Amino acid sequence: MSDEPQPQQPGQGGGPREPRRERTGWRRIVPTWRMTLSTFLVAALLLIGVFFLGYTLVQIPPANALAIKQANVYLYADGSAIARDGEVNRENVGLGRISKDAQHAVLAAEDRGFYTESAVDPQAMVRAAWNTATGKGKQSGSTITQQYVKNYYLRQEQTVTRKVKEFFISIKLDREQSKDKILEGYLNTSYFGRNAYGIQAAAHAYYGMDAQDLDAGRAAYLAALVNAPSQYDVIAHPENRPAAESRWNYVLDGMVEKGWLSAAERAGLAFPTPKENTNSTGMSGQRGYIVQIMKDHLTGNGILSEEELDAGGYRITTTLQKDKQDAFVDSVNDNLTDRLDQKTRKVDTYVRAGGTAVEPKTGKVRAMYNGIDYVKQYTPNATRRDYQVGSIFKPFVFASAVENGSSTQDGRPITPNTVYDGTNKRPVEGWAGGRYDPANEDDRSYGNITVREATDKSVNAVYAQMAVDVGSDKVQQTAIGLGIPSTTPELTPSPSIALGVATASTLDMAEAYATLANHGVHGDPVLIEKITKDGKETVPLPERKTRQAVSREAADTTTAVLRGVVQNGTAAAALGAGRPAAGKTGTAEEDKAAWFAGYTPELATVVAVMGQNPVTAAQEKLYGAMGMPRVNGGGAPAEIWAQFTRDALEGEPVGDFDLDLQAGAERTAPPTADAGSLPSATSPGDDMSRTPGPDGSTSRSPGPGEGGDSTGGGASDGTNGDTTTGGGTTDGGTGQTGGTTDGPTGGTTTGTTGDADGGGPGETGGTGGTGEDTGTGGRGGLAGFIPRPRDD
């Protein structure tokens, strides 16, 4: 047997196998199925691991500051918008306050499968990336959920990190919140251009309406804006209108496709051109003033803090009524602004106006005038407290006298018929604080004059003395009780308090006069009807409390006297209101301000015309303004008041004053000074008629049962008809009281009354007025009101 190794057959023995055939050529670059499967499994496991790691690590963050920043919306009492304030123009609203058309339009524009598909759409993301890379236009590929996450939780930067966070937060959010909640958030955070964040702000910015009122056409245009807010604003960029209309049509077609809009309705829609952009003047006119006043009121009364208001989201319904607000502006323009010539009269550049109207029964502030334009003059003239109120303070002195049962220095009760010495610069008596001798207007002396006439003519000498007779501290407290803030500058107890040296605002004075109109019942003024937060939560408001500040007798007797100022005194212009009215004129020292404060039973309004240097802001005299020697309360302020009151109350029933007067106040006393010391019967501000008798004296007609004529300096008591003659007394029964006459023809009725001691002056009954159809005629303003029985 040979020692040579024998060849072996394949598969036999333990010799080496045949070498594996190696991959050559192109086959070397093709992975085997084992490699492919291994790679896929590793990639899948890695992807799943990354997904779960990202899902675990990425948490839903708090909302970003911009997303929760909102505007505060200020509304008239009827719900119409006044203004929106805040750095971000946004008002969040619930889905229920967004019309279905608006919801469907946005879905048709941005994510038609929102309610049926997942929170993220990887296919759309890849497609968007491809289109962007190939130059077919920059696209986001994001669902509504992803866009909401970007708007509300993240920033707008285009980074991989932000996109990754957006992806994971969207998935989590879709599991934690309902589709409706996500859609609501998206609609409130999307930017629509014109500084409008959210569909509610956009609806107002483009169409001046609430989101709940949007129809399909308007809603489709707003939905189109989300894609390109600046480019698709056809007012700002009319050249882009074709592109905007194309996008609008795309949205409407999508609504029809999804069954949200019928084809017939779609065919009837025309492109809804939006209104002009007015954001740049959002605080112009009266709007900015109102916002500032309301913010000061809210923070000053602890209703909302500055921080809360700064965060925004409040819907603040004021008590202001748009028709009355507009009427106030028109009246100031007609009676003041249009009469100014600032080019030729420097003094006309100083003229400012302010005013406030309050409902006496409710205390609700219904209108305020603050200036020509907030963006030109920033100070709200209705609430500023730096101008003397002048003689419109005098009624508080008289009201205090009646309230406190005050008497003169010689013991006579103070009533409308009480006689005072109206001599110019007469030193007041009974004041321990030093000599005080105020001048009357134009240094005019009146001699002996009744309180009623002194009010008609605004006699300073009388009211300074009356303040001392009452007690200036009591006058101060009465004014505070009526509504003048205790912190009012210069509201100090001294004789000068009667002349209106205090610097209250028109709002303060309107509040006080409203108390008089409301029979002495005071309540704080109301500027806010209601407040809601984010359209849902209601912010509690302080309960309005009322109290009897002065007796009804004191308030009503003051009203009766103030009616005389309108009928016979310095406020004749107020008759233009065409309603029963009471009021008082006033002028600040050196004519730096002129005032009129007046009221009807329905509305108390105070108007001030002020002088202020537009450069230095210093107070200026108004001599020569409007081409007139002086500006006084009976001029422009009373004229503004009359037109405003007439227009503001147009269509409302004409109410009359229902007055419960101080004993004897319904009678009217005649002047008691000699003819040489009194102004003539035809002098300005005194239009009382006098009927001379054969001997030149005032004639009188005896009443039923009245005794004989008054002789020898005697006086007749109109209550019981007693007649004192040379010290003797004859009971003549019931005398004729001062008469009043209403109606178109007026008339004169005279009666006689006198002091009980027979030594006082006789009194002459009322003289019919001009016969206004409203029945406001009558001497002393006593005609046309309904006297209440004293035991009522």
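Residues numbered from 1 in each chain as written. Predicted model: local features only at pLDDT ≥ 70, side-chain atom pairs only at ≥ 80, totals over all residues. Heavy atoms only, no water.

1. Re the overall build of the chain
- Helix and strand content of the chain: 21 helices and 22 strands.
- Across the 792 residues of the chain, 52% fall into the buried class.
- Within the chain, contacts between residues separated by at least 24 positions form 69% of all contacts whose residues are at least 6 apart in sequence.
- Of the roughly 35900 Å² that the chain leaves accessible, carbon and sulfur atoms contribute 51%. (Helix = DSSP H or I, 4+ residues; strand = E, 2+ residues; numbered from the N terminus. Buried < 20%, exposed > 50% of the residue type's maximum accessible area, 1.4 Å probe, protein only. Contact = heavy atoms within 4.5 Å. Areas by Shrake-Rupley, 256 points an atom, 1.4 Å probe, with all protein chains shown as cover.)

2. Overview of the nonpolar core
- Counting 126 residues, the largest nonpolar core has F396, M466 and M509 as the members making the most contacts within it.
- When neighbours within four sequence positions are excluded, M509 is seen to be in contact with V389, I392, F396, I484, A504, W595 and V606.
- I98, I169, Y221 and Y232 belong to the second-largest nonpolar core, a separate cluster that totals 50 residues. (Core = buried A, V, L, I, M, F, W, Y, C linked by side-chain atoms within 4.5 Å.)

3. Let's talk about the confidence of the model for the chain
- Chain-level pLDDT for the chain is 79 on average; 71% of the residues reach the 70-or-more range.
- Residue range residues 136-140 is modelled with pLDDT below 50. Its contacts to residues more than four positions away, or to other chains, number 10 contacts.
- Every residue in residues 673-792 scores below 50 in pLDDT, and together they form 247 contacts with partners more than four places removed in sequence or on other chains. (pLDDT = per-residue confidence, 0-100.)

4. Considerations on helix α5 (residues 144-152)
- Where burial is concerned, most of α5 is hidden: 8 out of the 9 residues are buried.
- If you check which residues of α5 are buried, you get I144, T145, Q146, Q147, Y148, V149, K150 and N151.

5. With respect to the pairing of strand β11 (residues 528-533)
- With 5 bridges connecting them, strand β5 (residues 314-318) and β11 associate as antiparallel partners. If you follow T318 over to β11, its bridge partner there is I528. (Pairing = 2+ DSSP bridges.)

6. Quick look at the pairing of strand β6 (residues 351-358)
- A large share of β6 lies buried, amounting to 8 of its 8 residues.
- Side chains V351, A353, G355 and A357 of β6 all project onto a buried face; the interleaved residues R352, G354, T356 and V358 project onto the opposite face, where all are buried too.
- As paired strands, β6 and strand β16 (residues 604-611) are joined by 8 bridges and run antiparallel to one another. Bridge pairing in β16 links A357 to T605.
- Direction of pairing for β6 relative to strand β7 (residues 365-369): antiparallel, over a ladder of 4 bridges. Directly across from V358, in β7, lies its bridge partner V365.
- Turn length for the β6-β7 hairpin, with the two strands adjacent in sequence and antiparallel, is 6 residues, and the turn residue G363 shows positive phi of about 75°.

7. As for a negative patch on the surface
- A surface patch of negative charge is lined by D296, E306, E307 and E308.
- The dominant element in the negative patch, judged by the number of residues it contributes, is helix α13 (residues 306-311), at 3 residues.
- Position of E307 relative to the elements: it lies in helix α13.
- E307 sits in the exposed class, given a relative accessible area of 61%. (Patch = residues over 30% accessible without salt bridge, like charges linked within 9 Å, V, L, I, M, F, W, Y side chains within 5 Å. Salt bridge = Lys/Arg side-chain N within 4 Å of Asp/Glu carboxyl O. Lys, Arg positive; Asp, Glu negative; His and termini not counted. Charge placed at Lys NZ, Arg CZ, Asp CG, Glu CD.)

8. Some details on a nonpolar patch on the surface
- A grouping of L37, F40 and L41 is seen on the molecular surface, where their side chains present a nonpolar patch of about 310 Å² in accessible area.
- Here L37 lies in helix α1 (residues 33-57).
- Looking at L37, the relative accessible area reads 42%, which means it is partly exposed.

9. Quick word on the side chain of S458
- Mapped onto the secondary structure, S458 falls in the loop between α16 (451-456) and α17 (460-470).
- At a separation of 2.9 Å, a polar atom in the side chain of S458 contacts the side chain of K584.
- Residues in contact with S458, not counting those within four places in the same chain, are S391, K394 and K584. (Polar contact = N/O pair within 3.5 Å; in protein donor to acceptor, adjacent residues only side chain to side chain.)

10. Regarding the pattern of salt bridges
- One pass over the structure, following the stated rule, counts 35 salt bridges.
- Between D386 and R384 there is a salt bridge; the shortest N-O distance is 2.9 Å.
- Taking the relative accessible area as the measure of exposure, R384 reaches 11% and is therefore buried.
- Here D442 and R630 are joined by a salt bridge, their closest N and O atoms 3.1 Å apart. With D442 in the loop between β8 (419-421) and β9 (448-450) and R630 in the loop between β16 and α21 (636-648), this residue pair connects regions lying 188 residues apart in the sequence.
- You can call D442 exposed: its relative accessible area is 62%.
- What makes R630 partly exposed here is its relative accessible area of 26%.
- One network of salt bridges, in which partners are shared, links R84, E91, R97, D210 and R315.

11. A few points about the side chain of T503
- Counting through the fold element by element, T503 comes out in the loop between α18 (472-482) and α19 (506-517).
- If sequence neighbours within four positions are ignored, T503 has contacts with R385, D386, Y387, Q388, T488 and P489.

12. Some words on the sheet that holds strand β12 (residues 537-538)
- Spatial strand order, β2-β1-β5-β11-β12: 5 strands in an open sheet with mixed pairing. Looking along the sheet, the strands with just one partner apiece sit at the ends: β2 (81-85) and β12.
- Across the face of the sheet, helix α12 (residues 287-300) comes into contact with β1 (72-75), β2, β5 and β11 while running at roughly 70° to β2. (Axes fitted to C-alpha atoms, helices over the stretch in contact; angles between N-to-C directions.)

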